[in-house]
Amino acid sequence: MDRQHSGNKGVYAALSEYRDSDYYPYHMPGHKRSGQAGEMAGYYGIDITEIDGFDNLHHAEGILLEAQQRANRLYGAEETFYLVGGSTCGVLASVMSVAGKGEELLIARNCHKSVYHAAIMQELQLHYYYPSLLWEYGIYDGVSADGIDRMLEQKPNCKAVVITSPTYEGIVSDIRAIAEAVHRKDKILIVDEAHGAHLGLCKGMPSNAIAGGADLVVHSLHKTLPAMTQTALLHVQGERVNRKRLRRYLTMLQTSSPSYVMMASMDSCIRYMEEHGAEAFARMQRQYDIFCKKTKACRYLKIGKMTEMSQNKNQNRQQTYLAEWDIGKLVIFMRTTSLNGQQLYDILREEYHLQMEMAAGNYVVAIMTVMDTEEGWQRLADALLQIDDRIEKETARQIAGEGSKSDQYSMEKPRAVMTPAQAFYSGMEDVRLEESVGRTAADFINLYPPGIPLLVPGEVMNEDILEQVEESIRNGLQVQGVTPEGRITVVC
Ligand SMILES: Cc1ncc(COP(=O)(O)O)c(C=O)c1O
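Read on for an overview of the structure.

Reading the values: the criteria
- Residues numbered from 1 in each chain as written.
- Predicted model: local features only at pLDDT ≥ 70, side-chain atom pairs only at ≥ 80, totals over all residues.
- Helix = DSSP H or I, 4+ residues; strand = E, 2+ residues; numbered from the N terminus.
- Rg over C-alpha atoms; globule rule 2.2 N^0.38 Å.
- Buried ≥ 20, exposed ≤ 12 C-beta atoms within 10 Å, placed from the backbone.
- Contact = placed C-beta atoms within 7 Å.
- Near = placed C-beta within 6 Å.
- Nonpolar A, V, L, I, M, F, W, Y, C, P; charged D, E, K, R; others polar.
- Pairing = 2+ DSSP bridges.
- Axes fitted to C-alpha atoms, helices over the stretch in contact; angles between N-to-C directions.
- Expected span 1.5 Å × (residues − 1).
- Right-handed = clockwise from strand over helix to strand, strands pointing away.
- Core = buried A, V, L, I, M, F, W, Y, C linked by C-beta atoms within 7 Å.
- Left-handed = near helix turned anticlockwise from the far one by under 90°.
- Parallel < 35°, antiparallel > 145°, perpendicular 65-115°, else oblique.

Along the protein chain, the regular secondary structure elements total 15 helices and 22 strands. Here the C-alpha atoms of the protein chain give a radius of gyration of 24 Å, agreeing with the 23 Å that 2.2 N^0.38 yields for 492 residues. With the C-alpha coordinates aligned to their principal axes, the bounding extent of the protein chain is approximately 70 × 50 × 45 Å. For the protein chain, buried positions account for 46% of its 492 residues. If you take every contact in the protein chain between residues at least 6 apart in sequence, the share linking residues at least 24 apart comes to 71%.

Around the ligand, the surrounding shell holds 15 residues, and the nearest of these are Gly86, Ser87, Thr88, His112 and Ala194. By residue number, the principal contributor to the shell around the ligand is helix α3 (residues 86–98), which donates four residues. Residue classes in the shell around the ligand are distributed as five nonpolar, nine polar and one charged.

This part is about unusual backbone geometry. The omega torsion across Met28 and Pro29 is -5°, close enough to zero to call that bond cis. Relative to the assigned elements, Pro29 resides in the loop between α1 (11–19) and α2 (63–75). A cis amide bond links Ser165 with the next residue in sequence, Pro166, at an omega value of -5°. On the secondary structure map, Pro166 appears in the loop between β6 (158–164) and β7 (171–173). A positive phi is found at Arg33, a non-glycine position, where the angle reads about 55°.

What follows concerns the sheet that holds strand β13 (residues 329–333). Judged by pairing direction, the sheet is antiparallel, and its four strands sit side by side in the order β11-β13-β15-β14 without closing on themselves. Both edges of this open sheet fall to β11 (302–303) and β14 (358–359), since each of them pairs with a single strand only. For β11 and β13, the ladder comprises two bridges, and the chain directions are antiparallel. Residue pairing for β13: Lys302 is matched across the bridge by Phe333. Those strands touched by helix α12 (residues 341–350) are β13, β14 and β15 (363–367), and its axis lies near 45° from that of β15.

Its twelve residues place the ends of helix α15 (residues 463–474) 16 Å apart at the C-alpha level, agreeing with the 16 Å of an ideal helix rising 1.5 Å per residue. Trailing α15 by a residue or two, Gly476 shows a phi angle of about 80°, which is positive.

Below, the discussion takes up the pairing of strand β3 (residues 125–129). Across five bridges, strand β2 (residues 104–108) lies against β3 in parallel orientation. The residue of β3 that forms the bridge with Leu105 is Leu126. A crossover links β2 with its parallel partner β3, the connecting element being helix α4 (residues 113–121), and its sense is right-handed.

A separate point is the sheet that holds β3. Across the sheet, seven strands lie side by side as β1-β10-β9-β8-β6-β2-β3; this open sheet has mixed pairing. Both edges of this open sheet fall to β1 (79–83) and β3, since each of them pairs with a single strand only. Averaged over all pairs of adjacent strands, the angle between their axes in this sheet comes to 20°, without regard to strand direction. Bridging between β6 and strand β8 (residues 188–192) involves five bridges; their strand directions are parallel. Looking at the pairing, Val161 lines up with Leu189 of β8. Contacts from α3 reach β1, β2, β6, β8, β9 (216–220) and β10 (232–236), with the element oriented near 165° to β9.

As a further point, take the environment of Met306. For Met306, the location among the structural elements is in helix α11 (residues 306–316). For Met306, a count of 17 C-beta atoms within 10 Å gives the class partly exposed. Leaving out residues up to four positions away in the same chain, Met306 has contacts with Glu324 and Trp325.

Right, let's talk about the nonpolar core for a bit. Taken as a class, soluble globular proteins show a tendency for nonpolar side chains to be buried jointly. Formed by 148 residues in total, the largest nonpolar core has its most connected members in Val95, Leu105 and Val162. Ranked by the residues each element gives to this core, the list is headed by helix α10 (residues 260–295), at twelve residues.

Another point: the packing of α2 against α10. Closest axis-to-axis distance for the α2/α10 pair is 10 Å, and the angle between their directions is 35°. With respect to the hand of their crossing, α2 and α10 are arranged in left-handed fashion. Of the residues in α10, those in contact with Leu64, Ala67, Arg70, Ala71 and Leu74 of α2 are Met263, Met266, Asp267, Ile270, Met273 and Glu274. Classifying every residue of the contact of α2 with α10 by side-chain character gives eight nonpolar, no polar and three charged.

Remember that side chains alternate between the two faces of the sheet whenever the strand is regular. Counting buried positions over the five residues of β13 gives five, a clear majority of the element. Burial along β13 is two-sided: the residues Lys329, Val331 and Phe333 and Leu330 and Ile332 are all buried. The pairing of β13 with β15 spans five bridges and is antiparallel. Pairing of Phe333 across the sheet is with Tyr363, part of β15.

All right, on to the packing of helix α5 (residues 145–154) against helix α6 (residues 175–184) then. Between two packed helices, the angle of one axis relative to the other and the distance separating the axes together describe the packing. For the pair α5 and α6, the least separation of the axes is 8 Å and the interaxial angle reads 15°. One finds that α5 runs roughly parallel with respect to α6. Classified by chirality, the crossing of α6 by α5 is right-handed. Residues Ala145, Ile148 and Asp149 of α5 form the contact with α6, whose own contacting residues are Ala177, Ile178, Glu180, Ala181 and Val182.

Among the secondary structure elements, Tyr288 is positioned in helix α10. For the pair Tyr288 and Asn242, spaced 46 residues apart in sequence, the C-alpha to C-alpha distance is 41 Å.

Note that Leu124 resides in the loop between α4 and β3. Note on Leu124: 26 C-beta atoms within 10 Å, which makes it buried. Separated by 128 residues in sequence, Leu124 and Met252 have C-alpha atoms that sit 19 Å apart. For Leu124, the residues in contact, after removing those within four places along its chain, are Ala99, Glu103, Glu104, Leu105 and Ala119.

So, in structure tokens, the structure goes:
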């Protein structure tokens, strides 16, 4: 066996060769790739650690360096790092490397909780850009470059800007315009593109944040591409980010024993996209078109689409900021029926055995990827048509205009009286939700998924947020930070 494997054959091929060789493992992991290692034994064959012939992710110079370079070539950034702790790790490392202790950061309010967690660890002062609402749908719009520009005028000490694009619902922002606005002010742009690892890889797909000029871009391979859970990438480009510090944070935040099974999965995913991406995406686009054509017959259930958005925008002269709507997110809305998102989600699961990604007040999200089969697309279309038919017969009741409170973004925004870190390190007590107005949150209250906070530690509970929390619970949505007895943690 070579002293150092060449990455050209791929990480999985190198692992398989080692598994099939006669090398005896006097090294970790403790399962020793034994067939007798319990119920999971069959999975251990290629699970090794940094042994001769392989590489060290923290100082990659062999097979893992080549694998990361392969990912880098596919995406076209200047440098790409493998992450075995998901986008969570990439977001933490990105934020922590650009904003030091106590510094200021501008973030879109709908950022994932990992951004907030980085802010706690780094004791940051957060300023929020609140994306507007796409009224038709009751979901967050994209981020406006002008809005970011204005915020940076008001908060010139922010070290960087963090936004999420695409959102959990597939709304893609115009990253090029945002990057220009951020760079004009000489700040750093971090794009949490966890849900967009597939973007920009094939013709016809929205371009990605790397092409848009963001300084740091985080991709969960596992969310939208064929790769194992936890696998993700961090891309960096330009001169603004201190890469030495970024690498040091990655070393601190990633395990010292990264899983070769995961890394082989990342490499296999990249190779798959290199070799088959174009044809796989073209197939997906065809399936999407057929799906949309079929479900157009639905009267009450509507799939969110870019084309309709553009029409509405023209008709209503509404200012919107979404640049694209990712076809990998089927967002099924039911704004004019008595059915809510959770009920549709439950019917799809219980009656049709179709497991959706998430339910919200008035919609359900299905994630579709290049790996979805014709059957998968068809079963969902057929189920929606049948359910839509039943809504008409059994429960059709127009409640348009009675929109739920959580759809109304006239809500009073929570006021922060301390930083998230100050609240996190304060004395705490639990109080009943009904008694929480005026109290300062010591923990997050998140809608899960996607894990976007309604209330951040250090913010004061107000009537509007309370109503939104209570309504979400009534609708059967998962609200993290509220105990089953209806208590939340506040500063005392
Ligand atoms: C927008 C966004 N960013 C980051 C993450 C974290 O990703 P991961 O699960 O890969 O750590 C998520 C997870 O859902 C997410 O929705």
